[in-house]
Structures are given as structure tokens and as C-alpha cells.
Amino acid sequence: MRRTRAVAFTALVAATALVVAACGNTDQAGDTNTSAPAATSSGAAAPSDTGSASASETAASGSETAGSATATETGTAAPAGAVCGTPHGPYDKPAKTGGSVKISWNQPLYSFNALTGHGNAVANADPLYLMNQGGFFYYNDKLELVNNDQFGTCAKVSDDPLTIKYTINKDVKWSDGVPVTAADLLLQWAAPSGQFNTEELKTDENGNPVKQAGVSFDAASEAMKLVTEFPEISDDNQSLTIKYSEFFVDYPFQLNVGVPAHVVAEKALGETDPTKATADMVAALKTFHEGVKETKDKDGNTVNDASAVDKTVVANVKKIADFYNTGFDATELPSDPSIYVSNGAYVLKDYKKDQYMTFTKNPDYTWGPIPSVDTITLRFYPEAMANMQALQNGEVDVANPQATSDVLNAAKALEGQGVKVLTGDGATYEHVDLAQNNGGPFDPKAYGGDAQKALDVRLAFLKTIPRQDIVDRLIKPLNPNAALRDSFNVVPGSPAYDATVAANGSKDWQKVDIAGAKALLAKAGVTSPKVRLMYAQGNVRRANEFKLIQESAQQAGFQVIDGANKDWGSLLSNTKVYDAALFGWQSSAVGVSQIPPNFITGGQNNFYGYSNKEVDGWLKQMNAEPDVDKQNELNTKVETQLYKDGFGVPIFQFPEIISFNSKKIQNVKGLTLVPGYMWNYWEWTAGA
């Protein structure tokens, strides 16, 4: 799943992920999922404010549905014999070409690397999808994984040990003319593998990496951690072969091309020749990997000891990690064009800070679906109704802000102008998580290490969250059939949902229990605890949710402090500034490997210090379990423990509204995964 901040980190992306859904008035987290486009390599979800288009079971009266399938977050295994999806074969040239379209989102891109922890957001993943489209694979609107074999192919070399060979076709190149090679894949193994980090990542108060003495990539992948041997690069530099130390069930979408390796190498190592720079980077990574040793720190944690590695090599790997982490961060068109090179259908031509991005066709692109539209302008509107006003004024042709009754009414009022409205359940779900690592009211450190007291306070707070009231007041006006979401990891309507919620303990959280909350606080001997609740500033629905939570919790004695913040997505990793977080997770892939990064000890999306050895064990089993029924059993155990431990609570599945002017753009379709309605940009046509 992705953060719409956009989990695999869980955003969607080159692998399983959740993405933070949180932009302006939506659920992208600062566009934060973790889970990125279908071209990433980590398993997580992304935070989100709005969420992406979804496949809905029911549509509002008089409207079309936003998609055609329902995502199931558990119970997915690779089809027999399939690696990287079903090969597509050659793509047809579009019957009609030319023209321009204007689309919109609620948050501007802030990094051209959506695979880092702080860059994992829908806001980054969506525009990067236009530029890099997915590499080896992408999802269609039936949630089928499609192998773009015009870009490259994947082959299973062995089942035991699980060995996968990725081959990039020789004509594939970056927009600066440099070939896409195995080195690009190697970097996407190295960064999230954890095998090069000599210390934990240090960040500033906004969650951005800062200078530190050791090596630390701002990326993590449970899958790539299992590839412990240095991958094999073919003599022609077009193939990379990876060998897993353990079976990993979601292997078909775990590795893909991300940022350009030659750019990272040039900037980090001071080389000007891309071929030499890339070769030097590969050599440095290999030498480091051969010399580093695992050891234990004073706390008994496994760490990498690079003291036996040549200091120059270590220094170069540190430079590689540092540039990978922040070198692609930008909020306007970089003066250095190498920062935004593309290997996909479109290239970036302009980026005006907080206003718009303009993409034009890549004239050299032949290795994937060929788009019809010549120019795409992506405009940014943090405020939902400003987005709808822009649609009315003709400033944009597609609007997909966070769904509210005002947005739906505004969309329907434009149907006479040719606007079509797609509605349904979205890919994002709303939830509240509690920080257990900041010395605040939910952290044992606040009570001298008394874990039971901290647990009682967590459970007391969760008992006050008016989940049903939130659904009744804010969601049912959009969807009369809206209901609580009672599972952390399974989408309502999917085959495993009913059995999961019947057994996971969610029945104890159906109603507000003020008396129970007071009793727990009294037991703990805690009076008037202060809780800083962070959410997206400017998000009207979130502000209303906050007020409902604040009023309810106050009845039990909690002081809930308004923590609205425009940078909430990037701040999720900095629990010093909040005690509870209200946001959405959005999926970027279909599979179970998107789940562990949210809850496993030290997981990429586990910002809160949550740690349970039993949960860790179940999650590791899940990553290696191909049997769907056993996956669901393991997930139910995980969810039951999450409720018992007071991790947080899910609230509702996002409603989705996509409005587009059918006189200006055709073939707009929703998708329950990141990149939402942008998934089929090559099918769009401009004009009537």
C-alpha cells in the first residue's frame, strides 16, 4: 500500500507499496504509500489526502463508476509461471494524435525520486508515472499486472533458491541519450536492501535526511533485504540476476528501474562521462558489499561494520547514498536537466513552483504504449472547490479532489457543459495511528517505562474516536451505503474481508466508549493527557474529523490539540511533533508484501516505534507464504494483535469523485491503485 504521502511505501511504484495519500485537501501525504509509480521496488504504502481513482461497487445515482475492479490487499500470489506480469507484446500506434490536455492534482511534486522514505508520496508518484510509466510492469483497470515486454522481460531462473533475471531491451534509453542498463536496476536493489547502511538515517524536523557521518540510504524493502548476494550483471550490461535467500511471495513486482544510475554516479563521484561514472559506482558498491560485515551494536541490533573496507570506497558509497536521498528533491524546474531525465513516454518541459508541470511527448520513446496527446499540463489545487472552479472555467479538463458533498454537487452542476462524473469507493482508507516512541502520552517512557500504563492510555484514546459518527456525518452524504472499515489490511468487499473482521477483534471498537476510556485512564492514574493530533492543513474533511474526535475525547478527559500542518506528509517520520496522526494509506500494488512495512519493527512506514515480536514473525511468514488461505490467517492474527496493542484504528474507505470534460478529453478511467486516473494516459485523446 502506499502513503499519500504515495506504502509501497505502500505509492504505489516499482513494487508493492502503500503510498501516503495527503495533498492539500486530499489524502496524499504531502504527496505521501506505501506505499510511487508502478516502477518502484519497495514494499510499502503511500500516504494520501485524496486517494486515487478506484474501482467501485456502487456509483452515485446518475454517475458512472470510477473503475472496474476491487482491490484485495491480501490473498494475492503470482499467477503460475508469471514473472513481472503477463507480457503485452507490441503496442498499436494511436489512431489519433496531437492536441493537449490539462489535468490536476492537489499537491505539487517535491522530489523526482519517489522511492525514498521522504519522497514516497502520490504527489511524486503520479507525475513520475507520466515520465517513467512503470518500466517492466504496470497495472491495468482489471488490476492485472502487465509486463511491458517492449521495455524488458523477467524470467524465473530457479525456484530454489528463488532467482529472477531482468533483461532491459537494448533500445531503451534515458531522455539524455544514455542507455538504461542493469546498473539502474542494481541501484534499486542496493538502496533499499539495507546492506550498505552503517548507521540509522538521521532526519530534520520535517523528515528530510540530513548530513551524517555514516552511510544510510533513505529507502527500505523487505524483499530486497532478502537478496543478500551481490546481483549478477551480464557481460552486455543489459541483464541483472538476483537471488533471494528466502522465498518471497510477491516477487513479480519487487524490482524495477527508478532514478537514473548514471546521474547519481556522476553527481556523487564527480565524473562527467556517464559510462565511466556508472562503472565506478558499480565497482564501489561491489567492493563495499564484499568487505562489509554484520555485527551487533550495544543494544544487540544487527548493524553493518565497514571498518575493513577501504576508506575511499566507503566515502564514495556514502556520496552515492547522500545524492540518492536528496539529490532529486525539487519544487520547481531544476536548473540541472539531468535531475529530471525520463525513460518513458513524456519528458518534463516546465515546472512552475506550486502552479503546474508541463510534459511533452518523448520523441525517442518506442518501448511501451504510445500516447495520443502531445502535451499534458498538470496543475495543482490544494483546495478542493478551487479545483472544481478551475474545471468550470476550463483551466483544467480533469478534477479529482478529495470527495465532499460540495465537490459532488459542483461536478453534477457541470454535466450540461459536457462534464462526466465517475464515482465510487477509492483506493485510500482513513485511519488514526498513535506514536509510541516520542515520550508522549502513548509512549511507555512517559511513565518511567511502564508499558501497561501506556497501553491503557492508548486504548482509552482509541475508545473515544467517533468512527461511526465520522462516517454518518461526513461520508454518507456522498455514499448512503458507506460503512466503517474494520480491517487494517483488507479492502471491504474483497473475499477475505468478512471473515477477517469477524475474527480480528474490531467488534470491540464499533461504538464510542467514554465510560471505558475513563476507567482505563483511572486505572493508569493519568489525568487530562494532552494529545497532539496531526492532519493535513487546509483539508476541510480532515478538519471536521478532528473536531469530532476532539469533542468526543474531551468527554473522557483528553486534551486533543489541533496539529494541522501543511507538511504533515514529510513529518510522519518525526513523531516529536505529534502524538496521533490522521491520514490515508493508498495502495500501489496488489499483494501481501505491502503490509509488513507498516507494522514490522523498523518498517519503512512504521513511524511510531511499534514493535511486537509475534507480529514480526507473522509478517515474515506472510511474505513467504503463497497459499492465500494461510496468508489470510496470518493477517487476521496480525490485525487482532494490532487492536490489542492499541496501534490505531481504521475508519472508512475513501469515496472517489473524478470529473472530466468529455469535450476536451476522452477515455479517462479510474484505478484503485496509484497512479489513479493517470494509469492509462496513452489512451487519452484530446478534443471532441
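Engineer: What is the right way to look at empty space enclosed by the protein in this model?
Structural biologist: Unfilled space is identified by rolling a water-sized probe across the atoms. Counted as a void, the second largest cavity has a volume near 40 Å³. In this structure, the second largest cavity is lined by Y429, H431, D433, F488, W585, N598, F599, F647, V649 and P650. Among the secondary structure elements, those contributing two or more residues to the lining of the second largest cavity are strand 19 (419-434), helix 14 (596-599) and strand 23 (648-661). Among the elements that make up the lining of the second largest cavity, the one with the highest residue count is strand 19 (three residues).

Engineer: Can you walk me through the sheet that holds strand 5 (residues 86-87) in this structure?
Structural biologist: Within a sheet, neighbouring strands are paired by backbone hydrogen bonds and run either parallel or antiparallel to one another. Taking strand neighbours across the sheet as the criterion, the three strands line up as 5-8-7 in an open arrangement whose pairing is mixed. Pairing within the sheet leaves two strands with one partner each, and these edge strands are strand 5 and strand 7 (137-139). Looking at chain direction, strand 5 and strand 8 (residues 145-147) are connected through two bridges and run parallel. Bridge pairing in strand 8 links P87 to N147.

Engineer: Before we go on, may I ask you to explain the state of the cysteines in this structure?
Structural biologist: By definition, a disulfide links two cysteine residues through a covalent bond between their sulfur atoms. Throughout the structure, instances matching the rule amount to one disulfide. Across the disulfide, C84 is cross-linked to C154 (sulfur-sulfur distance 2.0 Å). Measuring handedness by torsion sign, the sulfur bridge of C84 and C154 sits at about -90 degrees and is left-handed. One end of the pair, C84, is in the loop between strand 4 (64-65) and strand 5; the other, C154, is in strand 9 (residues 152-159), and 70 residues separate them in sequence.

Engineer: What is the right way to read unusual backbone geometry from this model?
Structural biologist: Peptide bonds are mostly trans, and most non-glycine residues show a negative phi. Omega for the bond connecting D160 with P161 falls within 30 degrees of zero, at 0 degrees, which places this linkage in the cis form. With respect to the helices and strands, the residue P161 is situated in the loop between strand 9 and strand 10 (162-168). A cis amide bond links V674 with the next residue in sequence, P675, at an omega value of 20 degrees. By the element assignment, P675 lies in the loop between strand 24 (665-666) and strand 25 (685-686). The phi dihedral of S528 falls on the positive side, at around 50 degrees, and the residue is not glycine. For S528, the position within the fold is in the loop between helix 11 (514-524) and strand 20 (530-536). Take S528: its relative accessible area is 42%, and that puts it in the partly exposed class.

Engineer: What is the right way to look at the packing of aromatic side chains in this model?
Structural biologist: Aromatic ring pairs are described here by two measures, namely the spacing of the ring centres and the angle between the planes. According to the stated counting rule, one finds 34 aromatic pairs in the structure shown. On the numbers, 5.5 Å between centres and 45 degrees between planes, the contact of F442 with F461 is tilted. Here F442, found in the loop between strand 19 and helix 8 (451-464), pairs with F461, found in helix 8; they are 19 residues apart in sequence, far enough to count as distant. Accessibility classification places F442 together with F461 in one group, the buried group. Ring pairing ties together the aromatic residues F488, W509, W568, F583, W585, F599, F607, Y608, Y610, Y643 and F647, which thus form one cluster. Directly above the ring of F654 sits R541, whose terminal nitrogen or CZ lies 4.5 Å from the centroid.

Engineer: Help me understand the pattern of salt bridges, please; the structure alone is not making it clear to me.
Structural biologist: Once their charged atoms are close, side chains differing in charge can pair, the charge on each being opposite to the other. This structure, assessed with the given rule, holds 19 salt bridges. Close ionic contact of D322 with K318 constitutes a salt bridge, the shortest N to O distance being 2.8 Å. Of this pair, D322 and K318 both sit in helix 5 (residues 311-326), four residues apart, roughly one helical turn. A relative accessible area of 19% places K318 in the buried class. Between K445 and D443 there is a salt bridge, with the nearest N and O atoms lying 3.5 Å from each other.

Engineer: How do you make sense of the packing of helix 2 (residues 182-193) against helix 4 (residues 274-291) when you look at a structure like this?
Structural biologist: How two helices pack is summed up by the angle between their axes together with the distance between the axes. Contact geometry of helix 2 with helix 4 gives a least axis separation of 11 Å together with a crossing angle of 35 degrees. When the axes of helix 2 and helix 4 are compared, the crossing they make is left-handed. Contact residues: A183, L186, L187, W189 and A190 in helix 2; T278, M281, V282, L285 and H289 in helix 4. Classifying every residue of the contact of helix 2 with helix 4 gives eight nonpolar, two polar and no charged.

Engineer: Sorry if this is basic, but what is going on with the confidence of the model for the protein chain here?
Structural biologist: In regions of low pLDDT, the predicted coordinates are not meant to be interpreted in detail. Summing up the model confidence of the protein chain, the mean pLDDT is 88 and the portion of residues at 70 or higher is 88%. Of the regions scoring below 50 in pLDDT, residues 22-44 engages in 276 contacts with residues more than four places distant in sequence or in other chains. Counting interchain partners and residues more than four positions distant, the pLDDT-below-50 stretch residues 50-81 has 146 contacts.

Engineer: What exactly am I supposed to notice about the sheet that holds strand 6 (residues 100-105) here?
Structural biologist: In spatial order, the strands read 6-17-16-15; together these four strands make up an open sheet with mixed pairing. Two strands bound the open sheet, and with one partner strand each, they are strand 6 and strand 15 (346-352). Pairs of neighbouring strands in the sheet enclose a mean axial angle of 20 degrees, with direction left out of account. With six bridges joining them, strand 6 and strand 17 (residues 375-380) adopt parallel strand pairing. Within strand 17, the residue paired with W105 across the bridge is F380.

Engineer: Sorry if this is basic, but what is going on with the packing of helix 3 (residues 261-269) against helix 5 here?
Structural biologist: Between helix 3 and helix 5, the least distance of the axes is 9 Å, while the angle of their chain directions is 120 degrees. Regarding the angle of helix 3 to helix 5, the classification is oblique. The way helix 3 lies across helix 5 gives a crossing that is right-handed. For the pair formed by helix 3 and helix 5, the contact residues are V263, V264, K267, A268 and L269 on the first element and N316, K319, I320 and F323 on the second. A per-class count over the contact of helix 3 with helix 5 returns six nonpolar, one polar and two charged.

Engineer: Would you mind showing me how to read the nonpolar core here?
Structural biologist: One finds F112, Y244, F288 and W684 to be the most contacted residues of the largest nonpolar core, which totals 115 residues. Looking at which element gives the most residues to this core, the answer is helix 2, with eight residues. If near-sequence neighbours (up to four positions away) are discounted, F112 is found in contact with L128, M131, V259, F328, A330, P334, I339, Y340, L348, Y351 and M357. Ranked by size, the runner-up nonpolar core spans 70 residues in total, among them F461, L520, L521 and W568.

Engineer: Before we go on, may I ask you to explain helix 12 (residues 540-554) in this structure?
Structural biologist: Because an α-helix completes one turn every 3.6 residues, residues spaced three or four positions apart along the sequence face the same direction. The first and last C-alpha atoms of helix 12 sit 21 Å apart over 15 residues, in line with the 21 Å expected at 1.5 Å per residue. Those residues of helix 12 lying buried are R541, R542, E545, F546, L548, I549, S552 and A553. Here the buried residues of helix 12 occupy an arc of 165 degrees about the axis, which is enough to place them on one side. The opening residue of helix 12 is N539, an N-cap whose side-chain oxygen sits 3.2 Å from the backbone nitrogen of R541.

About the thresholds
Residues numbered from 1 in each chain as written. Predicted model: local features only at pLDDT ≥ 70, side-chain atom pairs only at ≥ 80, totals over all residues. Heavy atoms only, no water. 1 Å grid on protein atoms, 1.4 Å probe; cavity = no way out; pocket = protein on both sides within 12 Å on 5 of 7 lines; lining within 4 Å. Points joined across faces, edges and corners; volume = space filled by probe spheres on them. Helix = DSSP H or I, 4+ residues; strand = E, 2+ residues; numbered from the N terminus. Pairing = 2+ DSSP bridges. Disulfide = S-S within 2.5 Å. Buried < 20%, exposed > 50% of the residue type's maximum accessible area, 1.4 Å probe, protein only. Phe/Tyr/Trp six-rings, centres within 6.5 Å; stacked < 30°, edge-to-face > 60°. Lys NZ or Arg CZ within 6 Å of the ring centre and 35° of its normal. Salt bridge = Lys/Arg side-chain N within 4 Å of Asp/Glu carboxyl O. Axes fitted to C-alpha atoms, helices over the stretch in contact; angles between N-to-C directions. Left-handed = near helix turned anticlockwise from the far one by under 90°. Contact = heavy atoms within 4.5 Å. Nonpolar A, V, L, I, M, F, W, Y, C, P; charged D, E, K, R; others polar. pLDDT = per-residue confidence, 0-100. Parallel < 35°, antiparallel > 145°, perpendicular 65-115°, else oblique. Core = buried A, V, L, I, M, F, W, Y, C linked by side-chain atoms within 4.5 Å. Expected span 1.5 Å × (residues − 1). Arc of directions from axis to C-beta. Polar contact = N/O pair within 3.5 Å; in protein donor to acceptor, adjacent residues only side chain to side chain.

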